[in-house]
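Per-entry structural report
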Amino acid sequence: MVETMSQNILLTGGAGYIGSHTVLQLLLSGYKIVVIDNLDNSSAVAIKRVQELAGRHAHNLEFQQMDLRDKPALESLFSSKKFSAVIHFGGLKAVGESVQKPLKYYNNNLIGTITLLEVMAAHGCKKLVFSSSATVYGWPKEVPCTEESPLSAANPYGRTKLFTEDICRDLHQSDSEWKIILLRYFNPVGAHPSGYIGEDPRGIPNNLMPFVQQVAVGRRPALTVFGNDYLTKDGTGVRDYIHVVDLADGHVAALKKLADPSIGCEVYNLGTGKGTSVLEMVAAFEKVSGKKIPLKMAGRRPGDAETVYAATAKAERELNWKAKYGIEEMCRDQWNWASRNPYGYEGSPQKSACFLPCLPRNQVQGCLAQN
Ligand code: NAD
Ligand code: UFG
C-alpha cells in the first residue's frame, strides 16, 4: 500500500465495463487514478458510481472526457501529471460492427493506441498494461489455450488486437525501457456485487450474458442460441467465463508485476481455466434469478469458435493471481446489476444498494460504508 500511494495511473477507456471495475479495485488498493474516455460506449454515471463505491478513496479519482486520438489533449495531460503506468482499455470491441466498418476499427483502435504510445514515450512513461483478448487464439486447435498457442484473427477487431500486440513487442525490442504486459481476457461477465456498476451495452448486445440479462428483465423475448451442433457436451459453444471483479484484480496484479525489473513485454491469459457451454450458463442464470430464459435455436454465428478456455498457470505463477469466483457468483452478480438497472446507467437513476455481496467485505467497503 505504501508504495502504491504515490503512484498516478492513467486508465484509458476507464468508464467502460472492465475499466470501471478496475478503477474501483485500484482505488481500493491505494492508487491515484486518472480516467480518460470519449464516452463513445459508456456513461459518465459509471464514474460517479465508482466514486461513491470507493468511499474515502473517492478523491483519488479524476475523470477527463477525451478521445485517444486527440494528441494535443493527451500531450497536455501528460505535461500536467507524471504517470507511473498506463492501463489501456480504450477501444471499440463489437466484432460484427468491425466486419461492417473495418476502417472505423483500424482508425480508433490502432491510431488511438499509436497516439497514446507516442505521447507516453515523449514523456518518459514506458509502462503499459494492454487489454488484449482470447480472440487472438481464433479457433484453437488445442485447448486450453496457452500463451504460446498459435495466433490468428477472424475479423478486423481481432486484427487490431494482434497488431497492437505486435506493436508492443516491436516497441520493447527497440527500447528495453518499455515494460509491457499484454493481458488476454477470456469472457468477462458479472458485475460488482453491489449491483451499482455493471455492463451497459449500447443497442442490441453482441455478447451472451448482456443478452440474457435483457431477456430476463423483459427487454427482449428470447435468447438466440448460435449453434447446437458443435462437438461439445450439449452441442453449444464453450467459453471461459470470468467474473469481472476477478479480471479487475488481475490488473492490480499486472501493475505490481510491472515493477519487476526483469519484465520485458509479457503476455498473460486472464481466465478461470474452465469451459462452460451456452446452455450451462443459461441454466446457472435461471437458477440464481428465478427467471425463465426462452431459447430460440439458430445456426452457428460466423467466426465463432467451438471451444475456448485458458491455461492459467502462467498468470498464477508470475502474477500471483487466480480467479476466485464461479459461474453461480458471476450469474448472481449479473442479475443483481440487471434487476436493479434494467435500462442501464441512464435509464434508472437508482440509489446505491448493496445486497448479496459475494466478495470479501473490504472489496465492497465503500458501498457498505454508505448504507
Ligand atoms: P467498453 O466498450 O465497455 O469499454 C471501452 C471504453 O473505451 C468505452 O468506455 C469507450 O467509450 C472507450 N473508448 C473507445 N474508443 C475510445 C477512444 N478513441 N478514446 C477514448 N476512449 C475510447 O469495453 P470493455 O468490455 O470494458 O473492454 C475494454 C477493453 O477490453 C477493450 O479494449 C476490449 O477490446 C477489451 N476486451 C474486452 C472483452 C469483453 O468481452 N468485454 C474481451 C477481451 C478484450
Ligand atoms: N452466443 C449465443 N447467443 C448470443 C450471444 C452469444 O448463443 O446472443 C454464444 C456464442 O455463439 C458463443 C458464446 O455464446 O458460443 C459466447 O459468445 P460471446 O459473444 O459472449 O463471446 P465470444 O467468445 O464470442 O467473444 C467475446 C468477445 C470478444 C472477445 C472474446 C474473448 O465478444 O471480443 O469474448 O475474450 F475477444
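Everything discussed here concerns the structure shown above.
Everything numeric here is computed off the predicted structure, so don't read it as measured data.

**As for the packing of aromatic side chains**
Applying the stated criterion across every chain, the model contains six aromatic pairs. Pairing F78 with F83 gives two aromatic rings, centres 5.1 Å apart and planes at 65°, and the pair type is edge-to-face. For the pair F78 and F83, one class covers both residues: buried. Geometrically, the ring pair formed by W139 and Y230 is tilted, given 6.4 Å between the ring centres and 55° between the ring planes.

**Notes on the layout of surface pockets**
Taken as a whole, the second largest pocket encloses approximately 580 Å³ of empty space. Lining the second largest pocket are 30 residues; nearest its centre among them are N41, D200, P201, R202 and G203. Those elements giving two or more residues to the lining of the second largest pocket turn out to be helix 5 (95–100), helix 6 (102–122) and helix 13 (344–347). Looking at the lining of the second largest pocket residue by residue, the classes come out as 11 nonpolar, 10 polar and nine charged.

**Considerations on the nonpolar core**
In terms of nonpolar packing, the biggest core is built from 48 residues, with L11, I33, L183 and L319 touching the most fellow members. In this structure, I33 is in contact with I9, L11, V23, L26, L27, N60, L61 and E62, ignoring residues within four places of it in sequence. By size, the runner-up hydrophobic cluster in this structure holds 22 residues, among which are M66, L117, L128 and V267.

**Some points on the sheet that holds strand 11 (residues 265–270)**
The strand order across the open sheet built from seven strands is 3-2-1-4-5-6-11, with neighbouring strands paired in parallel fashion. Two strands lie at the open edges of the sheet, namely strand 3 (61–65) and strand 11, each paired on one side alone. Adjacent strand axes in the sheet meet at a mean angle of 20°, parallel and antiparallel pairs treated alike. Here seven bridges tie strand 5 (residues 127–133) to strand 6 (residues 179–185), and the two strands are oriented parallel to one another. Looking across to strand 6, one finds that S131 is bridged to L183. Contacting strand 1 (8–12), strand 4 (85–88), strand 5, strand 6 and strand 11, helix 9 (residues 244–257) crosses the sheet at an angle of about 160° to strand 6.

**Thoughts on the site of ligand 1**
Residues in contact with ligand 1 amount to 27 residues; listed here are only the nearest, D37, N41, S42, K93 and Y157. The separation between an oxygen atom of ligand 1 and a polar main-chain atom of I18 is 2.8 Å. Measuring from an oxygen atom of ligand 1, one finds a backbone N or O atom of G91 at 3.4 Å. In the complex, the protein chains occlude 95% of the 810 Å² of accessible area that ligand 1 would expose alone.

**So, unusual backbone geometry**
Glycine aside, a negative phi is what most residues show, and trans is what most peptide bonds show. Here V143 and P144 are connected by a cis peptide whose omega angle stands at 0°. Residue position: P144 is located in the loop between strand 5 and helix 7 (156–174). Its identity is not glycine, yet L39 carries a phi of approximately 60°, on the positive side. Position of L39 relative to the elements: it lies in the loop between strand 2 (32–37) and helix 3 (44–53). A positive phi angle is found at N320, which is not glycine, with a value near 60°.

**A short note on the site of ligand 2**
Near ligand 2 lie 20 residues; those nearest to it are S133, F186, R239, R301 and D304. Here T224 contributes a backbone N or O atom positioned 2.7 Å from a nitrogen atom of ligand 2. Taking R301, its side chain carries an N or O atom lying 2.7 Å from an oxygen atom of ligand 2. Burial of ligand 2 by the protein chains amounts to 89% of its free accessible area of 690 Å². Per-element tally for the shell around ligand 2: the top contributor is strand 8 (residues 223–226), with four residues. Residue classes in the shell around ligand 2 are distributed as 10 nonpolar, seven polar and three charged.

Thresholds, definitions, all that
Residues numbered from 1 in each chain as written. Chains lettered and ligands numbered in written order. Predicted model: local features only at pLDDT ≥ 70, side-chain atom pairs only at ≥ 80, totals over all residues. Heavy atoms only, no water. Phe/Tyr/Trp six-rings, centres within 6.5 Å; stacked < 30°, edge-to-face > 60°. Buried < 20%, exposed > 50% of the residue type's maximum accessible area, 1.4 Å probe, protein only. 1 Å grid on protein atoms, 1.4 Å probe; cavity = no way out; pocket = protein on both sides within 12 Å on 5 of 7 lines; lining within 4 Å. Points joined across faces, edges and corners; volume = space filled by probe spheres on them. Helix = DSSP H or I, 4+ residues; strand = E, 2+ residues; numbered from the N terminus. Nonpolar A, V, L, I, M, F, W, Y, C, P; charged D, E, K, R; others polar. Core = buried A, V, L, I, M, F, W, Y, C linked by side-chain atoms within 4.5 Å. Contact = heavy atoms within 4.5 Å. Pairing = 2+ DSSP bridges. Axes fitted to C-alpha atoms, helices over the stretch in contact; angles between N-to-C directions. Near = heavy atom within 4 Å. Polar contact = N/O pair within 3.5 Å; in protein donor to acceptor, adjacent residues only side chain to side chain. Areas by Shrake-Rupley, 256 points an atom, 1.4 Å probe, with all protein chains shown as cover.

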